[in-house]
Amino acid sequence: MTANPGELEAVGDAVGQSVSAEVTGRSPTRIAFDRLRKDKVAVGCATIMLVMVVLAALAPVIAGALDIYYDIKDPAAPSPSEVLEFDGYPAIGPPLHPFTWEHPLGLAPKTGVDNLAYLLYGLRTSLIVALAATIFSTVIGLVIGLVAGFSRGWVDTVLSFIIDLFLSFPFLLGMLALAPILISNAGNDLDKLARAQFIALISILVIFGWMGLARLIRGQVLSLREREFIQAAEVIGVPTRRILFKELLPNMVAPIVVAISLALPGFVAAEALLSFLGLGLTGTPSLGKMLADAAPYYKDYALYLWMPVATIATLTLALNLLGDSIRDAFDPKTRR
Amino acid sequence: MLGYIVRRLLSAGLVVTLTSMIVFALFFLGPDNPAQPLCDINGKCTPERLALLTEQLGLNDTVYHQYWIWLQGLFVGREISFGPIYQCSAPCLGISYSTRNEVTAELLDKFPATLSLAIGGSLIYLLVGVFLGTMAARVRGTLADRGLVTMSLIVSSIPYYVLAILAWIYLSLEWQIFPDTTYHPLTDGIGAWAYGLLLPWLVLGLAQSTAYARYTRGQMVETLGEDYIRTATAKGVAKRKVIFQHALRAAIVPVITIFGLDFAFLLAGTVVTEEIFDIDGIGQWGIRALRAPVDFPVVAATVLIGAVIIVIANIIVDILYSFIDPRVRVS
């Protein structure tokens, strides 16, 4: 890409707050977005993600139209004895019978749940959990990072210690230890259980997911707060909250967007891992649980195994590659 | 130097103490009685049995008191009456609810498997990662370089456990390339030990090496642009020597830092690897203990040992730093 002089200058100024007037007024975010649109990988990944989001959002519609169910307890769902043979393998569809439109991706052995319906609802769970965890951990990381970086003295010391404490916590063991405790204590009321489990799971992901951004933001604030425009704001008596959110925050759009885009696939993977290990949600379909259920059938029913594998891999791959492209797009040092 | 180490050890001790407190609080402040699921295992749970179990586990005391007792056991040992009476000596981590053995003994029993896995895996990913990264930087911009970067991006984008489970299913079960993936202690001979761990090592090592390859490549590319590298080349030093002796030494310092910071990830990697390849180590033990009914003494022990390993690794890396990088003087 041949960089025009205006763009180079704008990129060079990206760290400072204002883009000088004679440049044709393109904000750093705008430049990054334009670069992103020219990036084939980014466009491809974004398209894949869009399709996945639409599929997940339309899960009830699709399942209703095809008359398939993810939950065997659904009164309209066929009972396992109707659709399974005596050995537990499905009586229609793969792996032993030809393809049927009644169950496009076949049925799960033993339970007789429709795979397509389960996959769609699992995708829905993944995306909702990951999105919620990303939003909350970003907000927490942002606020703690801003406060720690901006306040000198003991507040910074305490907050930095807390960040380090969480970072040196063996996060997987911690997450695993917390999950059953929070989830099993979520209550015994079946209606409330599913929602309480959701909240518990998201809290766990947030508890172990906010530190990276907090540390990053703290570092950024440490260098930004000595800059002239912040000193000027302090001198003319701008309130601290306004300095934090109106002066400092807009300068950190790039690291925040990058952190968000790389946090999403991490949370997708973590949610699936927890349910894969049998420590995640119990009442809700999950891709990780499907993976764990399907692994023993690798020989006779490879399709069953490869569905969750392909879905998890596609989801995380698309999100990660998109995140990587976003990082490149925001990085003024990247040459294309 | 000594003062620095003492200060680091103090803060590490604080981190470990807080970690154990958090685990305790979470477990015992929950609404359910932890004795309930234990009571339910062996058939009918009578109120008397529940009361006895609650008493035996010391659950009638306040959380602070229970924590204090647990802490005491860790340093001076304690006596536990849980069915028979156990004389649990100095580093006492309690009695496992499910196996009714001393947790410390079980921990020591399972530690070698985890240690073997972690050392082998991290050696592979450090060596392979640094080597590939150096090579890629050397041929920067070529097809080989771009291929390597793309490959590493793809491999590190897919969750590790998905790769591990596919490797286990296809390489071990289906195609029988690595038919034996069980842990043999070193006393069975070094051959059996290495043979059994080969696939877990490779999977853990190669999957993690991608990040190190990319990181090393970035550092190397930067270092190779430095003036002193040009000087060395101009003096006629052989290219291999320039890369491996002059450039790598400077480029590797940040890689070592990342290695230290990534210790939590290595630990997480071994937990997942143990669970998938069915290796009887601390990770699998910890996960099993977490499934209902929760075996709390084991959970506390695994989290504690995990935290201790991570803080010690961080300290060691900081000290190592001053040896690798002569510019750094810890103070």
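Residues numbered from 1 in each chain as written. Chains lettered and ligands numbered in written order. Predicted model: local features only at pLDDT ≥ 70, side-chain atom pairs only at ≥ 80, totals over all residues. Heavy atoms only, no water.

- Looking up chain B in an unreviewed UniProt entry gives the name ABC transporter, permease protein 1 (Cluster 5, nickel/peptides/opines), with the organism given as uncultured Nocardioidaceae bacterium.
- In its Sequence similarities (unreviewed entry) section, the UniProt entry covering chain B states "Belongs to the binding-protein-dependent transport system permease family." (UniProt positions renumbered as here; feature names shortened; annotations may be inferred.)

Overview of the side chain of B:Glu274
Residue and element names in this part refer to chain B.
Here comes step 1: Among the structural elements, Glu274 can be located in helix 11 (residues 263-277).
Here comes step 2: Of the side chains with opposite charge, Lys110 comes closest to the buried, unpaired Glu274, at an N-O distance of 8.9 Å.
Here comes step 3: Side chain to side chain, Glu274 and Thr114 meet in a polar contact 2.7 Å long. (Helix = DSSP H or I, 4+ residues; strand = E, 2+ residues; numbered from the N terminus. Buried < 20%, exposed > 50% of the residue type's maximum accessible area, 1.4 Å probe, protein only. Lys, Arg positive; Asp, Glu negative; His and termini not counted. Salt bridge = Lys/Arg side-chain N within 4 Å of Asp/Glu carboxyl O. Polar contact = N/O pair within 3.5 Å; in protein donor to acceptor, adjacent residues only side chain to side chain.)

Describing the pattern of salt bridges
All names here are of chain A.
Here comes step 1: Within the structure shown, the criterion is met by nine salt bridges over all chains.
Here comes step 2: A salt bridge links Arg30 to Asp34, with the shortest nitrogen-to-oxygen separation between them at 3.5 Å. With Arg30 and Asp34 both in helix 2 (residues 28-38), this residue pair falls four residues apart, about one helical turn.
Here comes step 3: Residue classification places Asp34 among the buried residues on the basis of a relative accessible area of 13%.
Here comes step 4: Of the charged contacts in the structure, one is a salt bridge between Arg327 and Asp324, with a shortest N-O distance of 2.7 Å. Here Asp324 and Arg327 lie together in helix 15 (residues 302-330), a separation of three residues that amounts to about one turn.
Here comes step 5: We classify Arg327 as partly exposed; its relative accessible area is 35%.
Here comes step 6: Where salt bridges share partners, they join Arg30, Asp34 and Arg37 into one cluster.

A closer look at the domain arrangement of chain B
Residue and element names in this part refer to chain B.
Here comes step 1: Domain annotation of chain B identifies domain 1 (20-92) and domain 2 (106-324).
Here comes step 2: Here the C-alpha centroids of domain 1 and domain 2 sit 37 Å apart.
Here comes step 3: Across the contact, ten residues belong to domain 1 and six residues belong to domain 2.
Here comes step 4: Between domain 1 and domain 2, roughly 690 Å² of surface is buried when both sides are summed, and carbon and sulfur atoms account for 94% of that area.
Here comes step 5: At the junction of domain 1 and domain 2, the tally comes to zero salt bridges. (Domains from an automatic or database assignment. Contact = heavy atoms within 4.5 Å. Buried area = accessible area lost by both parts, 1.4 Å probe.)

Thoughts on the interface of chain A and chain B
Here comes step 1: Facing the 38 residues of chain A at the interface are 44 residues of chain B.
Here comes step 2: Regarding the contact of chain A and chain B, the summed buried area is about 3,600 Å², with carbon and sulfur atoms giving 80% of it.
Here comes step 3: Our enumeration of links across chain A and chain B arrives at zero salt bridges.
Here comes step 4: Joining chain A to chain B, the criterion identifies five residue pairs in polar contact (both at pLDDT 80 or more).
Here comes step 5: Among the secondary structure elements, those contributing two or more residues to the side of chain A that touches chain B are helix 7 (154-168), helix 8 (171-184), helix 13 (253-276) and helix 15 of chain A.

Remarks on the confidence of the model for chain B
Residues and elements named next belong to chain B.
Here comes step 1: Of all residues in chain B, 93% attain a pLDDT of 70 or more, and the chain-wide mean is 81.
Here comes step 2: The lowest-confidence element of chain B is helix 2 (residues 35-41), averaging 69 in pLDDT; the highest-confidence one is helix 9 (residues 227-235), averaging 89.
Here comes step 3: Note on the complex model: pTM 0.81, ipTM 0.79. (pLDDT = per-residue confidence, 0-100.)

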